[in-house]
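Inside the fold
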Amino acid sequence: MRAKGLGHVGTMVYGRSGDRFLDDPAYDEFFAAAAELGQPVFIHPQIPSDAVRDASYRGLGELTDLGLATFGWGWHLDTATAALRLILRGTFDRHPALQVVLGHWGEMLLFWLDRADSLSRLAGLQRSVSDYIRTNFHITASGMLNPALLHHALSVTTVDRLIFSTDYPFQHPTQEEINSFLGHFTSAEDRQKFSSANAAALFGLEL
């Protein structure tokens, strides 16, 4: 419990280190410790590997190549894949208390669960991919204040799993835009959960 004593409330990691994916067995002790300490793990997007960039993200011009590989697509697909691999590796069967945070409304993963659920049986999981999303993942908005994204997220998980965030310098909404977006929640309690209460509960913060 020393991490908590030092004020540590969680960890931010990438989906791979070099060619080693986050679900590699070498990292299982890390996830075991995070689960035991009740410390959530945030998976932050990173630029795809050179091999992936060569295969999928080059040939359109230097700036377009970079944008496609990062904020326009590649960052988010890479992060969603890392999260899905964690599920398929059985990480949450071994560590059911582990909590993971994904930005950008779940980095595409929330929008492909109908298909991803078909992988559960192949991987020998105890539950469906969707079920792990509902119990082991928290989702932040990352400044993408689109009501359609909110409504879809609420169709596959609960308001208790959603967290407000911006994504400076890429997404930095105005106060007016934030207030307008919060109006799409059906109750003051749900607005409070999204705005601050869920994050405070997850990270053990005192507001």
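Above this text sits the structure in question.
Let me begin by describing the structure that accompanies this report. Since this is a predicted model, take the numbers as computed values, not measurements.

Per the secondary structure count, the protein includes 13 helices and 7 strands. A compact globule built from 207 residues would reach a C-alpha radius of gyration of about 17 Å, and the protein, at 17 Å, matches this within 12%. With the principal axes as the frame, the protein shows a C-alpha extent of 45 × 45 × 35 Å. Put simply, the protein has 207 residues, and 44% of those count as buried.

Our focus in this paragraph is the packing of aromatic side chains. The description of an aromatic ring pair rests on the distance of the ring centres and on the angle between the ring planes. Tallying each qualifying case throughout the model produces 10 aromatic pairs. Ring plane angle 80 degrees and centroid distance 6.0 Å describe the contact between Phe164 and Phe194, whose orientation is recorded as edge-to-face. Taken together, the residues span a long stretch of sequence, with Phe164 in the loop between β7 (162–163) and α12 (175–182) and Phe194 in helix α13 (residues 188–203) at a distance of 30 residues. An aromatic cluster of at least three residues, connected via ring pairs, comprises Trp105, Phe164, Phe181, Phe185 and Phe194. Over the ring of Phe21 we find Arg85; its NZ or CZ atom is 4.0 Å from the centre of that ring.

This brings us to the nonpolar core. Residues Trp105 and Phe137 are the most contacted members of the largest nonpolar core, which totals 40 residues. Considering each element in turn, this core owes the most residues, 5 residues, to helix α5 (residues 74–88). The contacts of Phe137, once residues within four sequence positions are left out, are Ala83, Ile87, Phe92, Gln99, Val100, Leu102, Tyr132 and Arg161. Counting 5 residues, the second-largest nonpolar core is a separate cluster that includes Phe42, Val101, Ala199 and Leu202.

Rules of the game
- Residues numbered from 1 in each chain as written.
- Predicted model: local features only at pLDDT ≥ 70, side-chain atom pairs only at ≥ 80, totals over all residues.
- Heavy atoms only, no water.
- Helix = DSSP H or I, 4+ residues; strand = E, 2+ residues; numbered from the N terminus.
- Rg over C-alpha atoms; globule rule 2.2 N^0.38 Å.
- Buried < 20%, exposed > 50% of the residue type's maximum accessible area, 1.4 Å probe, protein only.
- Phe/Tyr/Trp six-rings, centres within 6.5 Å; stacked < 30°, edge-to-face > 60°.
- Lys NZ or Arg CZ within 6 Å of the ring centre and 35° of its normal.
- Core = buried A, V, L, I, M, F, W, Y, C linked by side-chain atoms within 4.5 Å.
- Contact = heavy atoms within 4.5 Å.

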